[in-house]
Amino acid sequence: DAKTTQPPSMDCAEGRAANLPCNHSTISGNEYVYWYRQIHSQGPQYIIHGLKNNETNEMASLIITEDRKSSTLILPHATLRDTAVYYCIVRAAFSAGNMLTFGGGTRLMVKP
Amino acid sequence: ETGVTQSPTHLIKTRGQQVTLRCSSQSGHNTVSWYQQALGQGPQFIFQYYREEENGRGNFPPRFSGLQFPNYSSELNVNALELDDSALYLCASSDRDLKANYGYTFGSGTRLTVV
């Protein structure tokens, strides 16, 4: 079973920041938080990951709370092309199997 | 660098038949995973191969089997197809030997319809 909880859907106005929350209250000390997104009819796309520090790359920022029980993915200036299902996943790096366990994700709709 | 490519993109099979799906990993990646995604759901892990050996399997019956070749390309085979096997099948590759684990690169998938 997925170890994360996300709202099923969210709306965001084009040009505004999209803040997608994720709860992972049972996360272990060696588990990372990963974010992927899936645009309709395509494979999931890696966005960002982190362990305990906040992370930023060209796509997004990841804010992880100090107790690591929740995190927020921030798309700073959402565009219509950011409309997708966003998945928050926790897993241990280099673990046996090393699989990704997807939950239901958050369907983000960016509106003009 | 090339990404992950899957073939075919779409496929229609009859219940009881067998199917083989193919995946070419991203250059330099030695690990490949397969996922099944039913309509409206998140992808579900089927199995993973690292350097031609299976090293993880999800809750799928033995009629789902796979191979990884020396060039790290991969096949997913499904025998005795059932209607519930209709789904998008995704292949993902990564380099497990990387010290910084940057995650998987997914292909666009094969849409399998069983009638």
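Here the structure is shown first, and the text comes after it.
The structure reproduced in this document is the subject of the present report. Predicted model only: the values in this text are computed from it and were never measured. (Residues numbered from 1 in each chain as written. Chains lettered and ligands numbered in written order. Predicted model: local features only at pLDDT ≥ 70, side-chain atom pairs only at ≥ 80, totals over all residues. Heavy atoms only, no water.)

Remarks on the overall build of chain A
Put simply, the rule reads: Helix and strand assignments follow DSSP, with helices taken as H or I runs no shorter than four residues and strands as E runs no shorter than two, numbered in order from the N terminus. The reference for a compact globule is 2.2 Å times residues^0.38; the radius of gyration itself is calculated from the C-alpha atoms. The classification of residues rests on relative accessible area computed with a 1.4 Å probe and restricted to protein chains. Under 20% of the type maximum is buried, over 50% is exposed, and intermediate values are partly exposed. Whether two residues touch is decided by their heavy atoms; if any such pair falls within 4.5 Å, the residues are in contact.
Looking only at helices and strands, chain A features zero helices and nine strands. The order of α-helices and β-strands along chain A, N terminus first, is β-β-β-β-β-β-β-β-β. The C-alpha atoms of chain A give 13 Å as radius of gyration, which agrees with the globular expectation for 112 residues (13 Å, within 12%). Considering only C-alpha atoms, chain A reaches an extent of 40 × 30 × 25 Å along its principal axes. Burial status across chain A gives 45% buried among its 112 residues. A sequence separation of at least 24 residues applies to 56% of the contacts in chain A between residues at least 6 apart.

Some thoughts on the sheet that holds strand 4 (residues 45–50) of chain A
Residues and elements named next belong to chain A. Here is the rule: Two strands pair under a simple rule: DSSP has to find at least two bridges between them. Structural elements are reduced to axes, namely lines fitted to C-alpha atoms, with helices fitted over the stretch in contact, and the angle between N-to-C directions of any two is expressed from 0 to 180 degrees.
Across the sheet, five strands lie side by side as 1-9-8-3-4; this open sheet has mixed pairing. In the strand order of this sheet, the two ends are held by strand 1 (9–13) and strand 4, each with one partner. Each neighbouring strand pair of the sheet contributes to a mean axis angle of 25°, computed without reference to strand direction. Bridge count between strand 8 (residues 84–92) and strand 9 (residues 106–111): three bridges; the pairing is antiparallel. Following the sheet pairing, Y86 is matched in strand 9 by T106.

Side note on the environment of L90 of chain B
Residue and element names in this part refer to chain B. Locating L90 in the fold gives a position in strand 9 (residues 87–94). Exposure remark for L90: the relative accessible area of 0% places this residue in the buried category. Considered as a pair, L90 and L76 are 14 residues apart in the sequence and their alpha carbons are 10.0 Å apart.

Some remarks on the sheet that holds strand 7 (residues 64–68) of chain B
Residue and element names in this part refer to chain B. Across the sheet, four strands lie side by side as 1-3-8-7; this open sheet has antiparallel pairing. Each edge of the sheet is formed by a strand with only one pairing partner; in this case those strands are strand 1 (5–7) and strand 7. Between one strand and the next, the sheet's axes are offset by a mean angle of 20°, whatever the strand orientation.

Let's talk about the packing of aromatic side chains
Stated precisely, the cut-off is as follows: Stacked, tilted and edge-to-face pairs are distinguished by plane angle, under 30 degrees for stacked and over 60 for edge-to-face with tilted covering the rest, among Phe, Tyr and Trp rings (Trp via its six-membered ring) whose centres lie within 6.5 Å. Two limits define a charge over a ring: the Lys NZ or Arg CZ must be within 6 Å of the ring centre, and within 35 degrees of the ring normal.
Summed over all chains, the structure comprises 11 aromatic pairs over all chains. Seen in terms of ring centroids, Y87 of chain A and F102 of chain A are 5.0 Å apart; in terms of plane orientation they differ by 90°. Their pairing is edge-to-face. Of the two residues, Y87 of chain A is situated in strand 8 and F102 of chain A in the loop between strand 8 and strand 9; the sequence distance between them amounts to 15 residues. Since its relative accessible area comes to 4%, F102 of chain A is described here as buried. An aromatic cluster of at least three residues, connected via ring pairs, comprises Y36, Y46, Y87 and F102 of chain A together with Y35, F45 and F106 of chain B. R91 of chain A extends its terminal NZ or CZ atom over the ring of Y34 of chain A, reaching a point 4.8 Å from the ring centre.

Overview of the state of the cysteines
Linking two cysteines covalently through their sulfur atoms gives a disulfide. Residue and element names in this part refer to chain B. Note the threshold: By definition, disulfides here are pairs of cysteine sulfur atoms that lie within 2.5 Å.
All told, the structure shown has two disulfides over all chains when counted by the stated rule. Here C23 engages in a disulfide with C91; their sulfurs sit 1.8 Å apart. Where C23 bonds to C91 through sulfur, the torsion about that S-S bond is close to -65°, and the disulfide is left-handed. Placement of the pair is C23 in strand 3 (residues 19–24) and C91 in strand 9, with a sequence separation of 68 residues. Assigned by exposure class, C23 and C91 land together as buried.

Any functional reading would require information that these geometric values do not contain.
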